[in-house]
Amino acid sequence: MHDDDGSAARELELAEATTEARDRLRGWMEAHGDAVYARCVKMLRDPVLAEDVMQRVFMEACRDYPKFRHTSSERTWLLGITTHRCKDAIKARNRLAQHVQSDDDALAEAADDAADLSTSIDLRRIRRWLADCLDELTEASRTALRLRFQAELSYEEMERELGDKPDTLRARVTRALPLLRRCLESKGWQGD
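First, a word on what this report is: a plain description of the structure on this page.

The residue L25 is located in helix α1 (residues 2-44) in this model. Distance from L25 to C62, taken between C-alpha atoms, is 6.8 Å for residues 37 residues apart in sequence. Leaving out residues up to four positions away in the same chain, L25 has contacts with F58 and C62.

If you want it as structure tokens, here you go:
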């Protein structure tokens, strides 16, 4: 009987803690959501990525709230987390851009060395189509596709780069591929 009382008490404590965390998150979003989003957009210059980073900021704040020392206001604390997560996102984007650039350079060299001029022209056309179609996707989808297929990262490695769970990243890639294929086909690409 004593174990049942202890279990019920733990369940009640957990429910109260969950309700408290949900209320705190709702309050932060109402009071500071605009400021956090504005900082994300200002630093990242990408509204879609800013939205992702903002969500990460609030989830991290909920997780780390017990460590918050109250030496500053909650707003200052949240904006500090925001700045750090934006810097992380910028570093990840820059690493991706460097990797993509080196892949583009290698592809351009290979195309230039091609013996058959029509093959070289076709490769350039497909590259242009691919770039156009990638631009039609969300930043999150573009980033996931580039990390998966250009950088050849596993979903677990992508998690370390982006902070999203592997299943989320897998779903993002899976949803983006048919969109990319349809876009390429609409431009004239005839895939296998």
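Attention shifts here to the state of the cysteines. By the definition in use, this model includes 1 disulfide. The disulfide bridge from C133 ends at C183, spanning 2.1 Å between sulfur atoms. The chirality of the disulfide connecting C133 with C183 is left-handed, given an S-S dihedral of about -85°. On the criterion of sequence distance, the pair formed by C133 in helix α4 (residues 117-136) and C183 in helix α7 (residues 166-186) is long-range, its members being 50 residues apart. Under the relative-accessibility criterion, C183 is labelled buried at 10%. The thiol of C86 is not disulfide-bonded; the next cysteine sulfur, from C40, is found 3.8 Å away. Taking the relative accessible area as the measure of exposure, C86 reaches 0% and is therefore buried.

Below, the discussion takes up α7. Look at α7: 30 Å from first C-alpha to last across 21 residues, which is about the 30 Å you get at 1.5 Å a residue. Those residues of α7 lying buried are P166, L169, R172, V173, A176, L180, C183 and L184. Just downstream of α7 lies G188, where phi reads positive at about 115°.

Once that is clear, we can look at the nonpolar core. Residues W28, V36, C40, L44, V53, W77 and L78 are the most contacted members of the largest nonpolar core, which totals 20 residues. Every element with two or more residues in this core is listed here: α1, α2 (47-64) and α3 (74-112). The dominant element in this core, judged by the number of residues it contributes, is α2, at 7 residues. Other than its neighbours up to four places away in sequence, V36 contacts M54, V57, F58, L78, L79 and T82.

What follows is about the pattern of salt bridges. A side chain with one charge can pair with a side chain of the opposite charge if their charged atoms come near. This structure, assessed with the given rule, holds 11 salt bridges. D23 is the salt-bridge partner of R26, the closest N and O atoms lying 3.4 Å from each other. Taken as a pair, R26 and D23 lie in helix α1 at a separation of 3 residues, close to a single helical turn. Here D23 falls in the partly exposed class, since its relative accessible area comes to 42%. Of the charged contacts, one joins D88 and R85 as a salt bridge, the two residues approaching to 2.8 Å between their closest N and O atoms.

Cut-off values and rules
- Residues numbered from 1 in each chain as written.
- Predicted model: local features only at pLDDT ≥ 70, side-chain atom pairs only at ≥ 80, totals over all residues.
- Heavy atoms only, no water.
- Helix = DSSP H or I, 4+ residues; strand = E, 2+ residues; numbered from the N terminus.
- Contact = heavy atoms within 4.5 Å.
- Disulfide = S-S within 2.5 Å.
- Buried < 20%, exposed > 50% of the residue type's maximum accessible area, 1.4 Å probe, protein only.
- Expected span 1.5 Å × (residues − 1).
- Core = buried A, V, L, I, M, F, W, Y, C linked by side-chain atoms within 4.5 Å.
- Salt bridge = Lys/Arg side-chain N within 4 Å of Asp/Glu carboxyl O.

In short, geometric facts, not functional conclusions.
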